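Architecture and fold: a report
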Amino acid sequence: MGTQTILVVDDDMDIREGIRILLRGENYTILEAASGQQALDQLSSTVGLVILDIMMPGMSGLRVCEEIRKISTVPILFLTAKAQETDKLVGLTAGGDDYLTKPFSYAELIARVKALLRRYCVYRGKVQEGTEERFLSLRGVRLNLDHNQVWVREKEVELTEIEYQILRLLMRTPQRIFSIQSIYETVWDEPYFYISNGTVMVHIRKLRVKIEEDPQEPKYIKNVWGKGYRFEGSGNEGG
């Protein structure tokens, strides 16, 4: 795999410089943007991760995230100076995949970056030439098991990598109840803490909006009160 490209978006030049020095030391290619519009102008298919400050003058990071999500499923790591859980959840609701609260440590930044890139570039993985793609079909939902590609009622839907990994986990064992802790530790690949509940719930809610006919009355992803979530399905239709 070649050098991976990361777009760092922050109006604070010192923060951009610090992140650039740290990530270049890990052999990543770094692009920088001082504003939301600059970020959108620099976004391309070569970018494997966006590190995005929430609080920026002009176009906020939340607005930038919403614009990116219209055209790309690239993972987005929010930077925020606010430690309140509600502020973090707002970022996830806008389409972010993860967040870091300033100030953050070198080890924490590298761990989050590597985890997001691994899910996006490895698990997503472009299928190698000559390799037969594998699919799973349940109750009108068809999922490519090898990379992020999903169809619902014969219409392709765009999922973020986190949403895809959650759906893939649930669909591979339909009817099995997955606790929030199990979902978080499997998909995020990091230790679970109680505050992680909200993170999982936000992504489940956004996933339902994309695949359910009525997200308020879900037919696919069921909430088993006090236990977790399961995919309502009976039998594999092939693949």
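All of these numbers come straight from a predicted model, not from anything done at the bench.

So, how was this worked out
- Residues numbered from 1 in each chain as written.
- Predicted model: local features only at pLDDT ≥ 70, side-chain atom pairs only at ≥ 80, totals over all residues.
- Heavy atoms only, no water.
- Pairing = 2+ DSSP bridges.
- Helix = DSSP H or I, 4+ residues; strand = E, 2+ residues; numbered from the N terminus.
- Axes fitted to C-alpha atoms, helices over the stretch in contact; angles between N-to-C directions.
- Contact = heavy atoms within 4.5 Å.
- Parallel < 35°, antiparallel > 145°, perpendicular 65-115°, else oblique.
- Nonpolar A, V, L, I, M, F, W, Y, C, P; charged D, E, K, R; others polar.
- Buried < 20%, exposed > 50% of the residue type's maximum accessible area, 1.4 Å probe, protein only.
- Polar contact = N/O pair within 3.5 Å; in protein donor to acceptor, adjacent residues only side chain to side chain.
- Arc of directions from axis to C-beta.

**Re the sheet that holds strand S9 (residues 155-157)**
Through backbone hydrogen bonds, the strands of a sheet pair up, either in parallel or in antiparallel fashion. If you trace the 4 strands from one edge of the open sheet to the other, you get S6-S7-S8-S9, paired in antiparallel fashion. The sheet terminates laterally at strand S6 (135-138) and S9, the two strands that pair on one side only. Geometrically, the sheet is characterised by an average inter-axis angle of 25 degrees between neighbouring strands, direction not taken into account. Those strands touched by helix H6 (residues 161-172) are S6, strand S7 (141-144) and strand S8 (150-152), and its axis lies near 110 degrees from that of S7.

**Here we look at the packing of H6 against helix H8 (residues 196-211)**
Two elements in contact, H6 and H8, have axes separated by 10 Å at closest approach and are oriented at 85 degrees. Taken together, the axes of H6 and H8 lie roughly perpendicular to each other. For the pair formed by H6 and H8, the contact residues are Ile-162, Glu-163, Ile-166 and Leu-167 on the first element and His-203, Ile-204, Lys-206, Leu-207, Lys-210 and Ile-211 on the second. Looking at the contact of H6 with H8 residue by residue, the class counts come to 6 nonpolar, 1 polar and 3 charged.

**Notes on the packing of helix H7 (residues 180-187) against H8**
At a minimum axis separation of 10 Å, H7 and H8 run at an interaxial angle of 80 degrees. The pairing of H7 with H8 is recorded here as roughly perpendicular in orientation. Here Ile-180, Ile-183 and Tyr-184 of H7 lie close against H8, whose contacting residues are Ser-196, Asn-197, Thr-199, Val-200 and Met-201. Classifying every residue of the contact of H7 with H8 by side-chain character gives 5 nonpolar, 3 polar and no charged.

**Digging into unusual backbone geometry**
Along the chain, Lys-102 connects to Pro-103 via a cis peptide bond; the corresponding omega equals -5 degrees. The residue Pro-103 is located in the loop between strand S5 (98-101) and helix H5 (106-123) in this model. For Gln-175, which is not glycine, the phi torsion reads 80 degrees and is therefore positive. Position of Gln-175 among the secondary structure elements: in the loop between H6 and H7. With a relative accessible area of 37%, Gln-175 lands in the partly exposed category. In this structure, Asp-189 takes a positive phi of about 60 degrees despite not being glycine.

**Section: the environment of Tyr-194**
Among the secondary structure elements, Tyr-194 is positioned in the loop between H7 and H8. Looking at Tyr-194, the relative accessible area reads 68%, which means it is exposed. In this structure, the C-alpha to C-alpha distance between Tyr-194 and Ile-180, residues 14 residues apart in sequence, is 9.6 Å.

**A short note on the environment of Asp-53**
Inspection of the secondary structure assignment puts Asp-53 in strand S3 (residues 47-53). For Asp-53, a relative accessible area of 3% gives the class buried. Along the primary structure Asp-53 and Ala-34 are separated by 19 residues, whereas in three dimensions their C-alpha atoms are 9.8 Å apart. Aside from chain neighbours lying at most four places away, what touches Asp-53 is Val-9, Asp-10, Asp-11, Gly-61, Leu-79 and Lys-102. A polar side-chain atom of Asp-53 sits 3.1 Å from a polar atom in the side chain of Lys-102.

**Topic: helix H3 (residues 61-69)**
Of the positions making up H3, those classed as buried are Gly-61, Val-64, Cys-65, Ile-68 and Arg-69. On an axial view of H3, the arc spanned by its buried residues comes to 135 degrees, and they lie on one face. Buried residues along H3 sit against helix H2 (36-42), S3 and strand S4 (76-80).

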